[in-house]
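Overview (structure and organization)
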Amino acid sequence: MAKRVFLVVLDSFGVGEEPDAASFGDYGVNTLRSIAQSSSFNCPNLRALGLFNLDGIDFLPSFPKPLGAFGRLRERSMGKDTTIGHWELAGLESSSPLPTYPHGFPPEIIQKFEQRTGRSVLCNKPYSGTEVLKDFGEEHLRTGSLIVYTSADSVFQIAANETIVPVDQLCRAARSILVGEHGVGRVIARPFEGTCRKDFRRTPRRHDYSLLPPGRTMLNYLSAAGKDVIAVGKINDIFAGSGITKSFPTSGNADGQQRLLNLVTTDFDGLAFINLVDFDMLYGHRRDIDGYAEAASSFDKTLGHLLPMLRSEDLFIITADHGCDPAYTRTTDHTREYVPFLLYGKEVTPDTALGTIDGFGAVAATICSYLGVASALCGTD
């Protein structure tokens, strides 16, 4: 029987600040601790897998004998963003942070973008993705100008009403410009709909145009070895399609969780790599503690259905790419945190405490080893 690995990234599900968090502007952050205080938090299956047994978790009741192996990972890359976090999970460390623009993009970038698109630019500063629609959406409708904004992350975000600019026209010009010293991690299309600031709302047709990873990842090694590499959610975007054999975009967590359940009943040989984006996009950045807790509880219910469905040679892994503590009001950005590393399957020894592991690359090393594919990635030496 073919071996299957399911790698689920709970986007931004941090489990406590890392030792260097202060150098990233984060103090006392802990995403899990914050959502555990909500009355909406109910995660018995994650508890049974050992989430509450991790190092540093002294605010939740541990499980007597967790069903699998459990630990936490410390990021080694110099960043706390989606791109760098996922690259390191896939075995590629980033020694330098990707460029950020706390004062907006320089004039030469904006001028090139306007020339390429034939449209002027509004905003050009760090902004909340929902507030930017309220403040600039009506002017965009009147003028056709594109709303460009950023955040503390390495992103160039473009918002446009779908009746004005189709989503597939939003990002290619920017991605071709933003290279070299201005090579941001992601150019993100943020389409929206509505006729005035009172009813503007984002549509689910977001699209990310990421940098091509600067080296081989586990996805390349697995696909080169003839393994399936199935991307669910924004995984295909994050890796710019490199090493991926099949992709399923999703509209959010519910769609991603259903796709995960479908894949459990599907024959494949290799890796299913799933990102559940709503934790970060809808709840972490918006500092919605109860919403984040409800999303965690929803995923936990999915686990209750999924775990009994796994086959004898399946390996199921839960982790995250960074934190985004919804109770941290100093900023609305990601937080520098440890992430969980939970492993379950018939070949995983129950109640195995892994402690604190240095480097997200342990995920890539574990997966390549389990699938019998040799690689030269961080975490494998």
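Let us look at the structure shown here.

What counts and how
Residues numbered from 1 in each chain as written. Predicted model: local features only at pLDDT ≥ 70, side-chain atom pairs only at ≥ 80, totals over all residues. Heavy atoms only, no water. Helix = DSSP H or I, 4+ residues; strand = E, 2+ residues; numbered from the N terminus. Polar contact = N/O pair within 3.5 Å; in protein donor to acceptor, adjacent residues only side chain to side chain. Contact = heavy atoms within 4.5 Å. Buried < 20%, exposed > 50% of the residue type's maximum accessible area, 1.4 Å probe, protein only. Core = buried A, V, L, I, M, F, W, Y, C linked by side-chain atoms within 4.5 Å. Salt bridge = Lys/Arg side-chain N within 4 Å of Asp/Glu carboxyl O.

Digging into the side chain of Thr335
When you line up the elements, Thr335 lands in the loop between strand 12 (314–319) and strand 13 (339–344). A polar contact of 3.1 Å, which involves the side chain of Thr335, links it to the backbone nitrogen of Cys324. Among the polar contacts listed, one links the side chain of Thr335 to the side chain of Glu337, at a separation of 2.6 Å. In contact with Thr335, other than residues within four places in its own chain, are Asp26, Val29, Thr31, Lys80, His322, Gly323, Cys324, Asp325 and Tyr328.

Observations regarding unusual backbone geometry
The bulk of non-glycine residues show a negative phi, and the bulk of peptide bonds are trans. For Cys123, which is not glycine, the phi dihedral falls at a positive 80 degrees. Topologically, Cys123 is positioned in strand 3 (residues 121–126). On the basis of relative accessibility, which here comes to 16%, the residue Cys123 falls in the buried class.

Topic: the nonpolar core
In terms of nonpolar packing, the biggest core is built from 82 residues, with Met218, Phe316 and Ile367 touching the most fellow members. Those residues within four positions of Phe316 in sequence are excluded, and the remaining contacts are Phe6, Val8, Leu260, Leu303, Leu306, Leu307, Leu310, Leu342, Leu343 and Tyr344. Phe105, Leu146, Ala160 and Ala174 belong to the second-largest nonpolar core, a separate cluster that totals 21 residues.

Quick notes on the pattern of salt bridges
Enumeration over the complete set of coordinates arrives at 15 salt bridges. Between Arg205 and Glu162 there is a salt bridge whose closest N-O contact spans 2.9 Å. Taken together, the residues Arg205 in the loop between strand 7 (201–202) and strand 8 (207–210) and Glu162 in the loop between strand 5 (155–161) and helix 6 (172–177) connect sequence positions 43 residues apart. With a relative accessible area of 25%, Glu162 lands in the partly exposed category. In this structure, the salt-bridge partner of Arg201 is Glu193, at a minimum N-O distance of 3.2 Å. A relative accessible area of 43% places Arg201 in the partly exposed class. On the accessibility criterion, Glu193 (31% relative accessible area) is partly exposed. Members of the salt-bridge network, linked through shared partners, are Glu18, Asp20, Glu75 and Arg336.

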